Amino acid sequence: MDLAVVGAPGSGNTYVYYLDSFSTWTQQSVLTPSGSSTSSQFGEVVQVQNSSVLVGASGYSSDQGAVFVYNARETTFAPTATPSTDVPTVPTIPTTIAY
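Conventions and cut-offs
Residues numbered from 1 in each chain as written. Predicted model: local features only at pLDDT ≥ 70, side-chain atom pairs only at ≥ 80, totals over all residues. Heavy atoms only, no water. Helix = DSSP H or I, 4+ residues; strand = E, 2+ residues; numbered from the N terminus. Contact = heavy atoms within 4.5 Å. Areas by Shrake-Rupley, 256 points an atom, 1.4 Å probe, with all protein chains shown as cover. Phe/Tyr/Trp six-rings, centres within 6.5 Å; stacked < 30°, edge-to-face > 60°. Buried < 20%, exposed > 50% of the residue type's maximum accessible area, 1.4 Å probe, protein only. Pairing = 2+ DSSP bridges. Axes fitted to C-alpha atoms, helices over the stretch in contact; angles between N-to-C directions. Core = buried A, V, L, I, M, F, W, Y, C linked by side-chain atoms within 4.5 Å.

Draft legend 1. Geometry of the overall build of the protein chain. Within the protein chain, the secondary structure is distributed over 1 helix and 7 strands. Counting contacts in the protein chain only where the partners sit at least 6 residues apart, residues at least 24 apart contribute 28% of the total. Accessible surface, the protein chain as shown: approximately 6,500 Å² in total, 52% of it carbon and sulfur.

Set out below in structure tokens:
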């Protein structure tokens, strides 16, 4: 399945779209973390990895930051347990667009 993931850090949401059989991008899911606010910057960094979506939130937990992992479940994405705040410090995160 072809996916596009769009983070919207100011809204607190991340949007998942799929390319349907008519070559039309259709919204599949809106990812919203529980226990997070718009100041968490949820969706600042997104990545698709196999059947999972990883969403970064640099402002989560008093700016400690976290990575939220969502696994594909047929037509939706389900969060895995709690967000990981044990994230290594990275000097820069490249911005990429995957097709």
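Next, the rest of the story.
Draft legend 2. How the structure looks around the packing of aromatic side chains. All chains considered together, the criterion is met by 3 aromatic pairs. Here the aromatic rings of Phe42 and Phe68 are separated by 5.2 Å at their centres, their planes lie at 85°, and the arrangement is edge-to-face. Of this pair, Phe42 sits in strand E4 (residues 42-49) while Phe68 is found in strand E6 (residues 66-73), placing the two residues 26 residues apart along the sequence. Overall, the relative accessible area of 0% leaves Phe42 in the buried class. An aromatic cluster is present here, built from Phe42, Tyr60, Phe68 and Tyr70 joined pairwise through their rings.

Draft legend 3. Quick peek at the pairing of strand E1 (residues 3-8). As judged from the 6 bridges shared by E1 and strand E2 (residues 13-19), these two strands associate in the antiparallel manner. Among the inter-strand pairings, Ala4 is bridged to a residue of E2, identified as Tyr17. Connecting the antiparallel pair E1 and E2 is a turn made up of 4 residues, with Gly12 showing a positive phi of about 85°.

Draft legend 4. Spatial organisation of the sheet that holds E4. With antiparallel pairing, 4 strands are arranged side by side in an open sheet as E4-E5-E6-E7. With partners counted over all chains shown, the strands left at the sheet margins are E4 and strand E7 (76-79), one partner each. On average, each strand axis in the sheet is inclined to that of its neighbour by 30°, with strand direction left out of account. Note: E6 against E7, 4 bridges, orientation antiparallel.

Draft legend 5. The arrangement of the nonpolar core in detail. Within the largest apolar cluster, 13 residues are counted, with the highest numbers of intra-cluster contacts made by Leu31, Phe42, Val53, Val55, Phe68, Tyr70 and Phe77. Those elements giving two or more residues to this core turn out to be E1, strand E5 (52-57) and E6.

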